[in-house]
Amino acid sequence: MQSLIRMVASAAVSVSLLLGSVSFAAAGQAHFVVNAETGSILEADNADELNFPASLTKMMTIYLAFEALKNGTLKWDQKLTVSEHANGLEPFKLAVGAGRQITVREAVLGMVVLSANDAAVVIGETLAGNEPAFGEMMTRKAKALGMSRTVFKNANGLPDPAQVTTARDMATLGLALMRDFPEEFQLFANKTIEFRGMKLRGHNNVMKRYEGVDGIKTGYTDASGYNLVTSAKRGGTRLVAVVMGGKTAQSRDNDMIALLDKFLPPKQDASAASVVEPVAAATAATTTTN
């Protein structure tokens, strides 16, 4: 799958070189659809235009958390302390309070399902010491994965004018999560989590509406519009699709479903179970962003 991700990413490199370091972005509409098995780009519109990622940013925070779990830097049951900075990030958070602790497992699932801003910052501060340093770590990893136009400045996706990405780059990151962490990737199929006696529901309504969708991440700020990266499989076809700059959550979701319908076999023709169940071993393992 490494070569497929390079195929998706490489087409953006020449554009980036031509344009140089561009520091502006706008909530322009864009989409990108790739066959995850073959690397074939099925449809692209404004795929290399800069946009704000909003909480799609947390996909990279999760990638680096998975990487740290894989190399032993983090453990699933390791307890992390919530800083004053992390605790102050509204609106979506685990809200345990500054000075209290959450486990790495709670932080990862909090990001995956709830888009918890405090959980993202706790991971970033643990891995890099502070959030600006973690933004640099995120950007280095983005470049290494072939995300040639992406710059990260924080762990959570809250507004920063210098934090930018493209639809193509977000698809590249989705493919990398799938390739590099196939077991952990299945956590994205969770629609709810149990957190300290509470059952909490996620924001990703396409997972509820469309058979075959098993992740990945929603995002919204005033500046970004409504963003969504989706992984879906029917029959023998798996797609990663990106919609950015939606005017409403419903229109974004409808646009995503239309793209999936266009390139996946009809539900009645699917020859295998569509939705991947979460893997127990892995879990033993106003401006908003969500």
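Residues numbered from 1 in each chain as written. Predicted model: local features only at pLDDT ≥ 70, side-chain atom pairs only at ≥ 80, totals over all residues. Heavy atoms only, no water.

Draft legend 1. Broad picture of the overall build of the protein. Of regular secondary structure, the protein possesses 11 helices and nine strands. Counting over 290 residues, the protein shows a buried share of 56%. (Helix = DSSP H or I, 4+ residues; strand = E, 2+ residues; numbered from the N terminus. Buried < 20%, exposed > 50% of the residue type's maximum accessible area, 1.4 Å probe, protein only.)

Draft legend 2. Highlighting the pattern of salt bridges. Across all of its chains, the model carries eight salt bridges by this definition. The salt bridge involving lysine 262 is made with glutamate 43; its shortest N-O contact spans 2.6 Å. Of this pair, lysine 262 sits in helix H10 (residues 249-263) while glutamate 43 sits in strand S2 (residues 41-45); the two residues are 219 residues apart in sequence, bridging distant segments of the chain. With relative accessibility at 54%, the residue lysine 262 sits in the exposed group. Aspartate 48 serves as the salt-bridge partner of arginine 168, at 2.7 Å between the closest nitrogen and oxygen. Of the two residues, arginine 168 sits in helix H7 (residues 167-180) while aspartate 48 sits in the loop between S2 and helix H2 (58-71), which places them 120 residues apart along the sequence. (Salt bridge = Lys/Arg side-chain N within 4 Å of Asp/Glu carboxyl O.)

Draft legend 3. Looking closely at the sheet that holds S2. The antiparallel open sheet is built from five strands, whose spatial order is S2-S1-S9-S8-S7. Bordering the open sheet on either side are S2 and strand S7 (213-221), each of which pairs with just one other strand. Averaged over all adjacent pairs, the angle separating strand axes in this sheet is 5 degrees, with direction ignored. (Pairing = 2+ DSSP bridges. Axes fitted to C-alpha atoms, helices over the stretch in contact; angles between N-to-C directions.)

Draft legend 4. Fine view of the nonpolar core. Counting residues in hydrophobic clusters, the biggest one holds 66 residues, and the most contacted among them are Met60, Tyr63, Phe66, Ile123, Met170, Leu173 and Leu177. For this core, the secondary-structure elements that each account for two or more residues are strand S1 (30-35), H2, helix H4 (104-114), helix H5 (117-128), helix H6 (131-145), H7, strand S5 (192-195) and strand S9 (237-246). It is H2 that contributes the most residues to this core, nine residues altogether. Ignoring anything within four residues of it in the chain, the contact list for isoleucine 123 reads Thr61, Ala65, Leu74, Leu80, Val104, Ala107 and Met111. With 15 residues, the next largest nonpolar core counts Ala232, Met256, Ile257 and Leu264 among its residues. (Core = buried A, V, L, I, M, F, W, Y, C linked by side-chain atoms within 4.5 Å. Contact = heavy atoms within 4.5 Å.)

Draft legend 5. Fine view of H2. Under the 1.5 Å per step criterion, the end-to-end length of H2 is 20 Å for 14 residues, consistent within 8% with the ideal 20 Å. Buried residues dominate H2, accounting for 11 of its 14 residues. Taken as a whole, H2 has its buried residues at Lys58, Met59, Met60, Thr61, Ile62, Tyr63, Leu64, Ala65, Phe66, Ala68 and Leu69. Taken from the residues just after H2, glycine 72 is the one with a positive phi, measuring 90 degrees. (Expected span 1.5 Å × (residues − 1).)

Draft legend 6. Expanded view of the environment of glutamine 78. Topologically, glutamine 78 is positioned in the loop between H2 and strand S3 (79-81). It is 8.1 Å that separates the C-alpha atoms of glutamine 78 and arginine 105, two residues lying 27 residues apart in sequence. With residues near it in sequence (within four places) discarded, glutamine 78 still touches Thr73, Ile102, Thr103 and Val104.

Draft legend 7. Representation of the pairing of S1. Buried residues dominate S1, accounting for six of its six residues. Alternating positions in S1 separate into two faces, Ala30, Phe32 and Val34 on one and His31, Val33 and Asn35 on the other, with burial throughout. Two elements, S1 and S9, share six bridges in a ladder whose sense is antiparallel. Counted as the bridge partner of valine 33 is alanine 241 from S9. For S1 and S2, the ladder comprises four bridges, and the chain directions are antiparallel. Residue pairing across strands places valine 34 opposite isoleucine 41, the latter belonging to S2. Hairpin connection, S1 to S2: the antiparallel pair is bridged by five residues, and glycine 39 has positive phi, about 80 degrees.

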